[in-house]
Amino acid sequence: MSQRLSIEFVIIGGSLTGFCSAISLARAGHKVTLFDITDPEKGTPRDGGCRVPPNATKILYRWGLEERLRACSLKSTGNVYARYAYAVHGSTLTNDSGSVVGVVHDWEEKILEETGGDFLLLHYRDLRRILAYAAKEQGVTLRFGEAVKSLHPHLERPAVTLQSGERAEADVVLGADGQIQPGFVTRMVIMEATGQEEEKTPSVMQIFHIIVPEDAMDKLDISKGIRNSGKVFTWFGHSYGAFGYPIVSFQHSRLLSSFEVLTREFHQGGRVLCLGEGAHPLPVIGDAVVLGRVFSHLHRREQISSFLQAVQTIRQARVAEVLEAAKGNIFALFIPRGSRRRTTGSCGSGPSAGLRTLESIFGYDPEDAADDWWLEWGVM
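To start, this report covers the structure provided alongside it. (Residues numbered from 1 in each chain as written. Predicted model: local features only at pLDDT ≥ 70, side-chain atom pairs only at ≥ 80, totals over all residues. Heavy atoms only, no water.)

### Description of the overall build of the protein chain
To be explicit about the condition: Helix numbers and strand numbers start at the N terminus; a helix is a DSSP run of H or I with at least 4 residues, a strand a run of E with at least 2. Residue exposure (1.4 Å probe, protein chains only): buried if accessible area is under 20% of the type maximum, exposed if over 50%, otherwise partly exposed. The contact criterion used is simple: two residues touch if any of their non-hydrogen atoms lie within 4.5 Å. Here the accessible surface of atoms and residues is derived via Shrake-Rupley with a 1.4 Å probe, and residues count as covered only by protein chains that are part of the display.
Of regular secondary structure, the protein chain possesses 12 helices and 19 strands. Burial status across the protein chain gives 50% buried among its 380 residues. The contacts of the protein chain with a sequence gap of at least 6 include a subset with a gap of at least 24, amounting to 74%. Accessible surface, the protein chain: about 18700 Å² in total, of which carbon and sulfur atoms supply 51%.

### Details of the side chain of Asp 365
Applied cut-off: What qualifies as a polar contact is a pair of N or O atoms within 3.5 Å, subject to a donor-acceptor requirement within protein and to the restriction that residues adjacent in sequence count only when both atoms come from side chains.
Following the sequence through the fold, Asp 365 ends up in the loop between helix 11 (353–363) and helix 12 (366–378). Its relative accessible area of 10% is what places Asp 365 among the buried residues. A distance of 2.9 Å separates the side chain of Asp 365 from the backbone nitrogen of Glu 367, its partner in a polar contact. Not counting residues within four places of it along the chain, the set of residues in contact with Asp 365 comprises Lys 58, Ile 59 and Arg 62.

### A look at the layout of surface pockets
If you roll a probe as big as a water molecule over the atoms, it shows you where there is empty space left. The following threshold applies: Put plainly, a pocket is an open set of points on a 1 Å grid over the protein atoms alone with protein on both sides within 12 Å along at least five of seven lines, a cavity is a set where a 1.4 Å probe fits but cannot get out, and a lining residue has an atom within 4 Å of a point. Grid points are joined across faces, edges and corners, and a volume is the space filled by probe spheres set on the points. Residues were grouped as follows: Ala, Val, Leu, Ile, Met, Phe, Trp, Tyr, Cys and Pro as nonpolar; Asp, Glu, Lys and Arg as charged; and all remaining residues, including Gly, as polar.
A volume near 490 Å³ is recorded for the second largest pocket. Together, 29 residues line the second largest pocket, and Gly 13, Asp 36, Ile 37, Asp 177 and Gln 181 are the ones closest to its centre. Counting only elements with at least two residues in the lining of the second largest pocket, the list comes to strand 2 (31–36), helix 5 (124–137) and strand 11 (148–152). Tallied by class, the residues present in the lining of the second largest pocket amount to 11 nonpolar, 11 polar and seven charged.

### Observations concerning the pattern of salt bridges
Keep this limit in mind: The term salt bridge refers to a side-chain nitrogen of Lys or Arg lying within 4 Å of a carboxyl oxygen of Asp or Glu.
Under the definition given, this model contains 19 salt bridges. Across the pair Asp 365 and Arg 62 runs a salt bridge, and its minimum N-O distance is 2.4 Å. With Asp 365 in the loop between helix 11 and helix 12 and Arg 62 in helix 2 (residues 54–62), this residue pair connects regions lying 303 residues apart in the sequence. By relative accessible area, Arg 62 is classed as partly exposed at 40%. For Arg 68, the salt bridge is made with Glu 137, and the minimal N-O distance between the two is 2.9 Å. Here Glu 137 lies in helix 5 and Arg 68 lies in helix 3 (residues 66–71), a separation of 69 residues in the sequence. Residue classification places Glu 137 among the exposed positions, given a relative accessible area of 55%. Salt bridges linked by common partners bring Glu 8, Lys 31, Arg 157, Arg 167, Glu 169, Asp 171 and Arg 301 together as one network.

Following this line, the structure appears as structure tokens:
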């Protein structure tokens, strides 16, 4: 068998997908440079709490990051579903929230053991910082405070131009610069090249993401339960809902999110691939893992474009599955007034279709998905 080929990658954006792609490709022996306008130590405007599910943590554990993650996270033990309602009595607004109306779930240890990971709750900034350090340890060149002004697809040497005027070329350019923060370029280039149009259809939903400081939590009756139980709390309302969970550190933030999905993520004429939130509203580690796994088999430059196409093909079905489950979880926050029900159980025990979906999602391994593709198509 011919010797594996090492090539150059430029990554735009220090998102979770960006850093994980850098780590995954560097572990496969490739040379990687990552540009981001922000420094992980200083955070971003989107900093807030994040939940890292078992299908993601098992990958990070394989990369040797378990101890670092545990040092700045809390382990989720399950979910509590409660009422979220306010009642008006004359001129008085009464808070009727907090009573448990749904299923009180504990994560079943057997399920978590089978997935190989944990469900962790932590600050987005802490996770980015851990990934940045890991990328540097793998030999990735990290250039923070560097904004990418434009992207130039090319069949052999695509490039980016920085705000400073510097031009950086590579064999492949990966866009992990999202679609929310100002300055993203990859999504727009891919849409123009593939003839896709930005269809921003207003939904009936607004999503806000905030972090409540500890001194404000002291004023809430449920604060002790949230702090000490390790549970993710979900509150159901008539046309509104909320969920919350504890993290180690606190900062204020707010997030508005959209669900726009690219039907094609690969620029076939220019060796450019859009990853993560630039292609779909999921900051998934799976994109990065599939990318590194597929490119670990690279032996000839002629394979580069077909490998990029393969990453898109492998990931699209998976993204569609997770998005469908995520939409169901969001709309499940809304229940009619007067609905009250309480049961208890273990997450993973019982006939619930929702729990079976979670098992499928948590049990997914992107490395296996990439290996399956290679066995079926790559060795031909």
